[in-house]
Amino acid sequence: MNYFSALGNPLSGPGLSTEGVSGSTVWRALFALAVVLVLLATTGWTAVRGNDVASGPRAAALQAWEKGSFAGRPLPDPDSSPRRIAHWFKTLDPGQQRALAQRYPLVVGNLGGAPLKLRYRANHQALVQARDTERRRMTDERLTDEGRHDAGRRMHRYESMLRPGRQFIAFDPTDRGRAAEVFGDLQHAERLSVVVPGVDTEMLTFERSSRRYSAPAGMASALQRQQQSTAPSERTATVAWADYNAPAGLGVEAASGGPAQEGAKRLNSFLRAVPASTDGAAPKMSLFCHSYGSVVCGVAAKKLPRSVTDIAVAGSPGMRADNARQLKTRAHIWATRDRDDWIADVPHMNVGGLGHGADPVSKAFGARRISSADSVGHTGYFVPGTRSLANFAAIGTGSYSSVDCDTSDPDCSPSAL
């Protein structure tokens, strides 16, 4: 059970009628305030994490990079534009590039503009180092039993991420961890789909053995396979983008926009650094934003590069906008929610900064509503064989005429795009 459904309907008590007042601003505000009180009572203000971004292995690597040099020259500012970074790397021969990645894997692996295969190589090296660190911590007597157990879990996660053929375009083991994995050939892709996950996304939940398609890696791998089936002639790639500090649990943090603001900035930086395909053009990009990930996408929408053609949200608590026009993007906006998704119980409003605004599947919002009739629950949208996954693949490949609209939306008209 979630906090919101536990509240029930605040308009259904003795002496109160929902008739004629269910849309009342007063009652909606009271409901939102009741939600806030439950959140505070059950999670407390400690639900708002204070991530120390100034410490950890990546911060240490950045400090070493900023003080270092290579081949007698200072290293470029890691905040430089991808174009400038790319130009700097072109001044190095392949052996020098590999040596630099070996020396600073946590910098090069996350550096927009660095050669793609070099980033994969650097992040593999960083994963090896992170795995070895956790393996040592598993037997460290200075840690508690719980600490050693957690080290074991992370070590096994890194072992899995090191399997042959896996391609990470971002990795940072700091705190709860962040990562982004590429499925398919990004270097030659004409179309790129980016999966943006929601609450409780971290290193330990980046992939799952059970309920595989509820985790970012499973979502993205399923979408990539479906896209290849939908449009075999299209050169596609998909990224499981879990490279932001997602809220932990359904507390105050998940109801606020703070993590989305930080995530939106990181998402836009990633999208603008996507390398051009072999023909020199940036791939057309589609965002598939699940749960709190749709809040991130909503905040990011105003600054998205023109190459982003579509934003599809599933199980969304809101996009921090009253309607699709307020997103101020040229991208097509799509929305879906299956009938037993508990997110429907969340009050779609914003009171005092808590809540994420209008419901994207409401008619008034103005998104094209697509079918997810056979999906089950809040995390079932990317399960193979579902209509929702087929719709996502059709959007990601530009096969709009194959999109199955929700029967409640006569204005969906994907074939007109």
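Predicted model, so just to flag it, every value in this text is computed and none were measured.

Peer 1: Honestly, the overall build of the chain in this entry has me stumped. Any pointers?
Peer 2: When helices and strands are counted, the chain shows 13 helices and 10 strands. In the chain, buried positions account for 55% of the 417 residues. Restricting to contacts in the chain with at least 6 residues of sequence separation, those with at least 24 account for 67%.

Peer 1: Just checking my understanding: could you explain the packing of helix H11 (residues 258–272) against helix H12 (residues 292–300) for this structure?
Peer 2: Two numbers describe a pair of packed helices, the interaxial angle and the distance between the axes. One can describe the packing of H11 onto H12 by two numbers: an axis separation of 8 Å at closest approach and a directional angle of 65 degrees. You can see that H11 and H12 cross each other, and the crossing is right-handed. Along the contact surface, H11 presents Gly258, Pro259, Ala260, Gln261, Gly263, Ala264, Leu267 and Asn268, while H12 presents Tyr292, Val295, Val296, Cys297, Val299 and Ala300. Across the contact of H11 with H12, the residue classes break down as 10 nonpolar, 4 polar and no charged.

Peer 1: It is not clear to me how the nonpolar core should be interpreted in this structure. Could you clarify?
Peer 2: Buried together is how nonpolar side chains tend to be arranged in soluble globular proteins. Counting residues in each nonpolar core, the largest one holds 57 residues, and the members touching the most others are Phe89, Leu100, Val108, Phe171, Phe382 and Phe392. Ranked by the residues each element gives to this core, the list is headed by helix H7 (residues 116–137), at 6 residues. Among residues more than four places away in sequence, those in contact with Val108 are Trp65, Phe89, Leu100, Ala101, Ala114, Leu118, Arg119 and Ala122. Listed in part, the 46 residues of the second largest apolar core include Leu116, Ala180, Val194 and Ala367.

Peer 1: How should the state of the cysteines be read in this particular structure?
Peer 2: Covalent bonding between the sulfur atoms of two cysteines is what defines a disulfide. Scanning all chains against the criterion turns up 2 disulfides. Across the disulfide, Cys289 is cross-linked to Cys297 (sulfur-sulfur distance 2.1 Å). A torsion of -90 degrees about the S-S bond marks the disulfide between Cys289 and Cys297 as left-handed. In this model, Cys405 is linked to Cys412 through a disulfide, with the two sulfur atoms separated by 2.0 Å. Handedness of the Cys405-Cys412 disulfide follows from its S-S torsion of about -70 degrees: it is left-handed. Just as Cys405 is buried, Cys412 falls in that class too. Cysteine pairing for the chain, with bonded cysteines counted in sequence order: 1-2, 3-4.

Peer 1: Got a minute to help me understand the packing of helix H5 (residues 94–103) against H7 in this structure?
Peer 2: Direction vectors running N to C along H5 and H7 enclose 35 degrees, while the axes themselves pass 9 Å from each other. Both H5 and H7 take part in a crossing whose hand is right-handed. Contacts between H5 and H7 involve Gln97, Arg98, Ala101 and Gln102 from the first element and Leu118, Arg121, Ala122 and Gln125 from the second. Classifying every residue of the contact of H5 with H7 gives 3 nonpolar, 3 polar and 2 charged.

Peer 1: Is there a simple way to think about the pairing of strand E9 (residues 332–336) in this case?
Peer 2: A large share of E9 lies buried, amounting to 4 of its 5 residues. Across 5 bridges, strand E8 (residues 308–314) lies against E9 in parallel orientation. Opposite Ile311, over in E9, you have Ile333 as the bridge partner. The pairing of E9 with strand E10 (residues 368–369) spans 2 bridges and is parallel. Directly across from Trp334, in E10, lies its bridge partner Arg368.

Peer 1: Whenever I open this one, the pattern of salt bridges confuses me. Can you help?
Peer 2: Oppositely charged side chains can form a pair if their charged atoms are brought close together. According to the stated counting rule, one finds 20 salt bridges in the structure shown. For the salt bridge of Glu159 with Arg135, the shortest nitrogen-to-oxygen distance reads 2.7 Å. Taken as a pair, Glu159 in helix H8 (residues 145–161) and Arg135 in helix H7 lie far apart in primary sequence, 24 residues in all. Taking relative accessible area as the criterion, Arg135 reaches 38% and is therefore assigned partly exposed. Linking Arg191 and Glu234 is a salt bridge whose minimum nitrogen-to-oxygen distance equals 3.7 Å. Here Arg191, found in strand E5 (residues 191–196), pairs with Glu234, found in the loop between helix H9 (216–230) and strand E6 (236–242); they are 43 residues apart in sequence, far enough to count as distant.

Peer 1: Looking at this model, I keep getting lost on helix H13 (residues 387–396). Mind explaining?
Peer 2: Owing to its 3.6 residues per turn, the α-helix aligns residues three or four sequence positions apart on the same side. Of all 10 residues making up H13, 9 are buried, and the element is well covered by its neighbours. Along H13, the residues classified as buried are Ser388, Leu389, Ala390, Asn391, Phe392, Ala393, Ala394, Ile395 and Gly396. Positive backbone phi, approximately 75 degrees, marks Gly398, located one or two places after H13.

Calculation notes
Residues numbered from 1 in each chain as written. Predicted model: local features only at pLDDT ≥ 70, side-chain atom pairs only at ≥ 80, totals over all residues. Heavy atoms only, no water. Helix = DSSP H or I, 4+ residues; strand = E, 2+ residues; numbered from the N terminus. Buried < 20%, exposed > 50% of the residue type's maximum accessible area, 1.4 Å probe, protein only. Contact = heavy atoms within 4.5 Å. Axes fitted to C-alpha atoms, helices over the stretch in contact; angles between N-to-C directions. Left-handed = near helix turned anticlockwise from the far one by under 90°. Nonpolar A, V, L, I, M, F, W, Y, C, P; charged D, E, K, R; others polar. Core = buried A, V, L, I, M, F, W, Y, C linked by side-chain atoms within 4.5 Å. Disulfide = S-S within 2.5 Å. Pairing = 2+ DSSP bridges. Salt bridge = Lys/Arg side-chain N within 4 Å of Asp/Glu carboxyl O.

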